[in-house]
Amino acid sequence: MSEFLAMGGYGAYVWSSYAIFAVVLAIDYIAPRLHRRRVLAELRGRIKRQQKRTETPT
Amino acid sequence: MNTLTLWFHKIGSPPTFYRLAGRFTPWLFALAALTGLVGLYGGLVLAPADYQQSDAYRIIFIHVPSAWMSLFIYFVMAVNAFIALVWRIKLSETLAMCCAPIGAAFTAITLATGSIWGKPMWGTWWTWDARLTSELVLLFLYVGVIGLYHAIEDRRQAARAASFLALVGIVNVPIVHFSVKWWNTLHQGSTVRLLGPSAIDASMLWPLLLMALATKLWFLGSLFARARASLLELEAGKDWAREEALRTGAAP
Amino acid sequence: MTTASASRACAALLRRDLLLTWRRRGDALSPVLFAIMIVMLFPLALGPEPNQLARIAAGIVFVAMLLAGLLALDTLFRADYDDGALEQLVLSPHPLAMLLGCKILVHWLTTALPLLVAAPLLAEMLHLPRQVLPVLLGALALATPLLSLLGAVCVALTVGMRRSGMLLALLVLPLYVPVLIFAAGACDAAQAGLPFTAPLLWLGAALAMALVLAPMACAAALRISIS
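If you're wondering where the values come from, they're calculated on a predicted model, not measured in any experiment.

## Overview of the interface of chain B and chain A
In this assembly, 46 residues from chain B lie in contact with 28 residues from chain A. Summing the contributions of chain B and of chain A, the shared interface buries around 3,200 Å²; its carbon and sulfur component is 73%. Of all residues in chain B, L44, W218 and R242 of chain B bury the most surface against chain A, accounting for 16% of the area lost on that side. Between chain B and chain A we count two salt bridges in total. Among the ionic pairs, D28 of chain A bridges to R226 of chain B, the shortest N-O distance being 2.5 Å.

Written out as structure tokens, the structure is:
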């Protein structure tokens, strides 16, 4: 196992590359989810405000 | 022809696409993860060490697929940008703009891993080789498209302006590659080769191809997820977006 | 629309733009001043060693030109956008590409031509070998219109924005890379005693293409950003 991690002495290079790959793709996975959730929350807030306005007409 | 255009319009309408993409996205990510894991197992464990580069060559399994993706995504973006500008299809505008961050991510991975690979192999983090320089310019083009898209208030106008820039950029990429190649040969012969003169062995090839497939699937999944969020934002006033908001608000 | 009226419109536009620049003629000198300041920084940063400066002189002059041109790009449509003249231009019945070509021509005449005149001075400040100077001027004469044309397309995309400086640089620089490479490459080759006509011919070919395509692209971009 430790031999596998050492990668013939190039472990630092190989694993840092794979770490960058994993981190960037993880961000790429999370970002649209957060975006969608934010948009939906905003939309719900807008609907709620509209309902309030129609319930208590000024 | 008629059924085809009808089908196209139906798929192209935001609510339909939103629903379809929502159904496909988890599967695409799952498939990408599966092929990716098999590919990585093949690349990191099964494939033998290279006789020239020892184990350092294993960076190839993420570097080369990412490099392919950086160009492939730009091409997809430009095709969508073209459709968006000529036929003014809202879905194409959204898809083109959602391609840009994913492409930028893969280009950044390509540059970072290439530089990390270059250090033990060439003894330097960076060299002004044609491929590296055009990849860097490609990153700037992606960032330019993203920056222009976010700098303009009106979403649809922003998408059209950035689409136009993407089309200008696709003319630019081969010119940059060619010019840097010419410039480099003027100064010095190209001394760096990514792979040794030997052709790649089958035991290294299949994980590489699997990884290329995995990144393509990942791109589709990510594109669909991003396009869903953007369409929702773009169509916030429409009924289907409200229904979606209320549906997801009731569920959690 | 007849060709005669279109050409009359172009002539009127040329006269107007030139007159406007003449009324504010002090501004035309600012790119030159900027280029001189950039060139001045290099000897201060790298040391005044003439041999070393001579080796990189052509490159420095091109980078200074490029940055000065970038700084001046913003003025291409700024005033016309602010007072609404640009919208009139877009709405006019004459081919927009042709009118924009005239605007770009005036912009090149008033910002790049002074730079071209100042180039021998800059080259002398950096000890550029005399025999390279004609090549430098030739490359500049081909490269600066190309830079103006390519820049105009990007300016057209950012025309409605308040603070577009950094974004404009980001959009423009990838397009400038090949121009810079060929222009500086010609001077490098001349300095090394190698044949230098090939890169100049490439620049000329690119300029011929851009002369036709860039005004059209600029018009398309302008229609997108003003709508």
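## Thoughts on the interface of chain B and chain C
Across the boundary between the two partners, chain B contributes 26 residues, which contact 25 residues of chain C. Considering only the side of chain B, the residues that lose the most area to chain C are Q157, F164 and W182 of chain B, jointly responsible for 26% of the buried surface there. At the boundary of chain B with chain C, the tally comes to zero salt bridges. Contributing elements (two or more residues each) for the side of chain B that touches chain C: α5 (130–151) and α6 (155–187) of chain B. Grouping the constituent residues of the side of chain B that touches chain C by class yields 19 nonpolar, six polar and one charged.

## Thoughts on the arrangement of the chains
The highest contact count of any of the two pairs of chains in contact belongs to chains A and B. Of all C-alpha pairs spanning chain A and chain C, none lies closer than 23 Å, and the two are not in contact.

## Some thoughts on the packing of helix α4 (residues 90–122) of chain B against α5 of chain B
Residue and element names in this part refer to chain B. Interhelical geometry of α4 versus α5 gives an angle of 150° and a closest axis separation of 9 Å. It follows from the interaxial angle that α4 and α5 lie roughly antiparallel. Seen along the crossing, α4 lies across α5 with a hand that is left-handed. Counted together, M97, A100, P101, G103, A104, T107, A108, T110, L111 and W122 of α4 and L132, E135, L136, L138, L139, Y142, V145, I146 and Y149 of α5 form the full contact between these two elements. Grouping the constituent residues of the contact of α4 with α5 by class yields 15 nonpolar, three polar and one charged.

## Examining the side chain of T113 of chain B
Relative to the helices and strands, T113 of chain B is located in helix α4. Of the polar contacts made by the side chain of T113 of chain B, one reaches the side chain of H63 of chain B; its length is 3.0 Å. Only 3.3 Å separates the side chain of T113 of chain B from the backbone oxygen of T110 of chain B, close enough to count as a polar contact. Leaving out residues up to four positions away in the same chain, T113 of chain B has contacts with S17 of chain A together with I59, I62 and H63 of chain B.

## Describing the packing of aromatic side chains
Taken as a whole and judged by the stated rule, the model has 14 aromatic pairs over all chains. In this structure an aromatic cluster arises from ring pairing among Y29 of chain A together with F29 and W218 of chain B. Above the face of the Y149 of chain B ring, R155 of chain B is positioned so that its terminal group lies 4.5 Å from the ring centre.

## Description of a nonpolar patch on the surface
All names here are of chain B. Judged by side-chain polarity, L31, L34, V38, Y41, V45, L46 and W206 come together as a nonpolar surface patch covering roughly 670 Å² of accessible area. Element by element, the count of residues in the nonpolar patch is highest for helix α2 (residues 14–46), at six residues. Within the element layout of this structure, L46 appears in helix α2.

The rules behind the values
Residues numbered from 1 in each chain as written. Chains lettered and ligands numbered in written order. Predicted model: local features only at pLDDT ≥ 70, side-chain atom pairs only at ≥ 80, totals over all residues. Heavy atoms only, no water. Contact = heavy atoms within 4.5 Å. Buried area = accessible area lost by both parts, 1.4 Å probe. Salt bridge = Lys/Arg side-chain N within 4 Å of Asp/Glu carboxyl O. Helix = DSSP H or I, 4+ residues; strand = E, 2+ residues; numbered from the N terminus. Nonpolar A, V, L, I, M, F, W, Y, C, P; charged D, E, K, R; others polar. Axes fitted to C-alpha atoms, helices over the stretch in contact; angles between N-to-C directions. Parallel < 35°, antiparallel > 145°, perpendicular 65-115°, else oblique. Left-handed = near helix turned anticlockwise from the far one by under 90°. Polar contact = N/O pair within 3.5 Å; in protein donor to acceptor, adjacent residues only side chain to side chain. Phe/Tyr/Trp six-rings, centres within 6.5 Å; stacked < 30°, edge-to-face > 60°. Lys NZ or Arg CZ within 6 Å of the ring centre and 35° of its normal. Patch = residues over 30% accessible without salt bridge, like charges linked within 9 Å, V, L, I, M, F, W, Y side chains within 5 Å. Areas by Shrake-Rupley, 256 points an atom, 1.4 Å probe, with all protein chains shown as cover.

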